[in-house]
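Geometric and topological summary
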Amino acid sequence: GENVEQHPSTLSVQEGDSAVIKCTYSDSASNYFPWYKQELGKRPQLIIDIRSNVGEKKDQRIAVTLNKTAKHFSLHITETQPEDSAVYFCAAIRGYSTLTFGKGTMLLVSP
Amino acid sequence: NAGVTQTPKFRVLKTGQSMTLLCAQDMNHEYMYWYRQDPGMGLRLIHYSVGEGTTAKGEVPDGYNVSRLKKQNFLLGLESAAPSQTSVYFCASSYFRPRNNEQFFGPGTRLTVL
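In this report, we go over the structure that sits alongside the text. All values reported here derive from a predicted model rather than from experimental measurement.

**Thoughts on the overall build of chain B**
Summing up its helical and strand segments, chain B has zero helices and eleven strands in all. Each helix and strand of chain B, placed in order from N terminus to C terminus, yields the pattern β-β-β-β-β-β-β-β-β-β-β. Against the compact-globule benchmark of 13 Å for 114 residues, chain B has a radius of gyration of 13 Å, which places it among compact chains. The 114 residues of chain B split such that 47% are buried. Once local pairs closer than 6 in sequence are excluded, the contacts in chain B between residues at least 24 apart make up 55%. Accessible area of chain B: about 5,400 Å², with a carbon and sulfur share of 52%. Of the charged side chains in chain B, 12 are positive and 8 negative, and the gap between their average positions amounts to 4 Å.

**Points about the state of the cysteines**
A full pass over the atoms with the stated rule returns two disulfides over all chains. Each disulfide pairs two cysteine sulfurs, and for A:Cys23 the partner residue is A:Cys90, the sulfurs being separated by 2.0 Å. Measuring handedness by torsion sign, the sulfur bridge of A:Cys23 and A:Cys90 sits at about -100 degrees and is left-handed. Taken together, the residues span a long stretch of sequence, with A:Cys23 in strand β3 (residues 19-25) and A:Cys90 in strand β9 (residues 86-92) at a distance of 67 residues. This pair shows no difference in class: A:Cys23 is buried, exactly as A:Cys90 is. Paired through a disulfide, B:Cys23 and B:Cys91 show a sulfur-sulfur distance of 1.8 Å. Around the S-S axis, the bridge from B:Cys23 to B:Cys91 shows a dihedral of about -75 degrees and counts as left-handed. Of this pair, B:Cys23 sits in strand β3 (residues 19-25) while B:Cys91 sits in strand β9 (residues 87-94), placing them 68 residues apart in sequence. For the pair shown, B:Cys23 and B:Cys91 are each scored as buried.

**Some thoughts on the pattern of salt bridges**
For the structure on display, the rule yields seven salt bridges over all chains. Residue A:Asp27 is joined to A:Arg94 by a salt bridge in which the shortest nitrogen-to-oxygen separation is 3.6 Å. Taken as a pair, A:Asp27 in the loop between β3 and β4 (32-38) and A:Arg94 in the loop between β9 and β10 (100-101) lie far apart in primary sequence, 67 residues in all. Look at A:Arg94 and you get partly exposed, because its relative accessible area is 45%. In this structure, B:Arg36 and B:Asp38 form a salt bridge, with 2.8 Å as the shortest nitrogen-oxygen distance. For the pair B:Arg36 and B:Asp38, one class covers both residues: buried. Each of A:Asp49, A:Arg51 and A:Lys57 takes part in salt bridges that share partners, so that together they form one network.

**A closer look at the nonpolar core**
A:Trp35, A:Phe73 and A:Leu107 are the most contacted members of the largest nonpolar core, which totals 23 residues. Elements with a minimum of two residues in this core: β2 (10-14), β3, β4, β5 (45-51), β7 (62-67), β8 (72-77), β9 and β11 (105-110) of chain A. Leaving out residues up to four positions away in the same chain, A:Leu107 has contacts with A:Leu11, A:Val13, A:Ala19, A:Ile77, A:Asp84, A:Ser85, A:Ala86 and A:Tyr88. In terms of nonpolar packing, the next biggest core, distinct from the first, is built from 20 residues, B:Val66, B:Ala81, B:Tyr89 and B:Leu111 among them.

The rules behind each value
- Residues numbered from 1 in each chain as written.
- Chains lettered and ligands numbered in written order.
- Predicted model: local features only at pLDDT ≥ 70, side-chain atom pairs only at ≥ 80, totals over all residues.
- Heavy atoms only, no water.
- Helix = DSSP H or I, 4+ residues; strand = E, 2+ residues; numbered from the N terminus.
- Rg over C-alpha atoms; globule rule 2.2 N^0.38 Å.
- Buried < 20%, exposed > 50% of the residue type's maximum accessible area, 1.4 Å probe, protein only.
- Contact = heavy atoms within 4.5 Å.
- Areas by Shrake-Rupley, 256 points an atom, 1.4 Å probe, with all protein chains shown as cover.
- Lys, Arg positive; Asp, Glu negative; His and termini not counted.
- Charge placed at Lys NZ, Arg CZ, Asp CG, Glu CD.
- Disulfide = S-S within 2.5 Å.
- Salt bridge = Lys/Arg side-chain N within 4 Å of Asp/Glu carboxyl O.
- Core = buried A, V, L, I, M, F, W, Y, C linked by side-chain atoms within 4.5 Å.

Structure representation (structure tokens):
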């Protein structure tokens, strides 16, 4: 089955800095890669996703890049703000199967 | 729309007790899922359902059973709770679409087994 590795497990940045979270996947047939954000005590929510036929996708301050050859994808957050502090999960899926999540990255943005 | 709701929000059980967690969604989603979340372990899939009357095992199914008698409801049962089942349980639902199946999560149930 699919295996998703996520790094780093924790990330501390100063407000205004950029943050990058990286994930690798094992199944070369995976074709959908979502990112979820989970604030403390809340439910995970989708923030951005990318499909295998696209190399990069942006939505305001967040972007995701995908390298199918290397089987890795990354989340980029620019101009970080304290409200970006949360746990971020990457995931991968092939076709009609189920999502496999990474173990999460706790992002702390200090004012 | 309420989205995905879970009942109860908190529960404390003694070892060996049983309980059922209820998940309900009003988005007419075909797929429903049960995850458990433990510190440092991410979200692990327990069981899932691709439609009314069908269920399938996920990554960590042992000690749990599920039922989906109605499309909008997905029940997770613990027949004989163990301390290792102390966790936060999330239900989720999604449409039946490959490459575009955003999962909508419920608020979670915090379960402690003593």
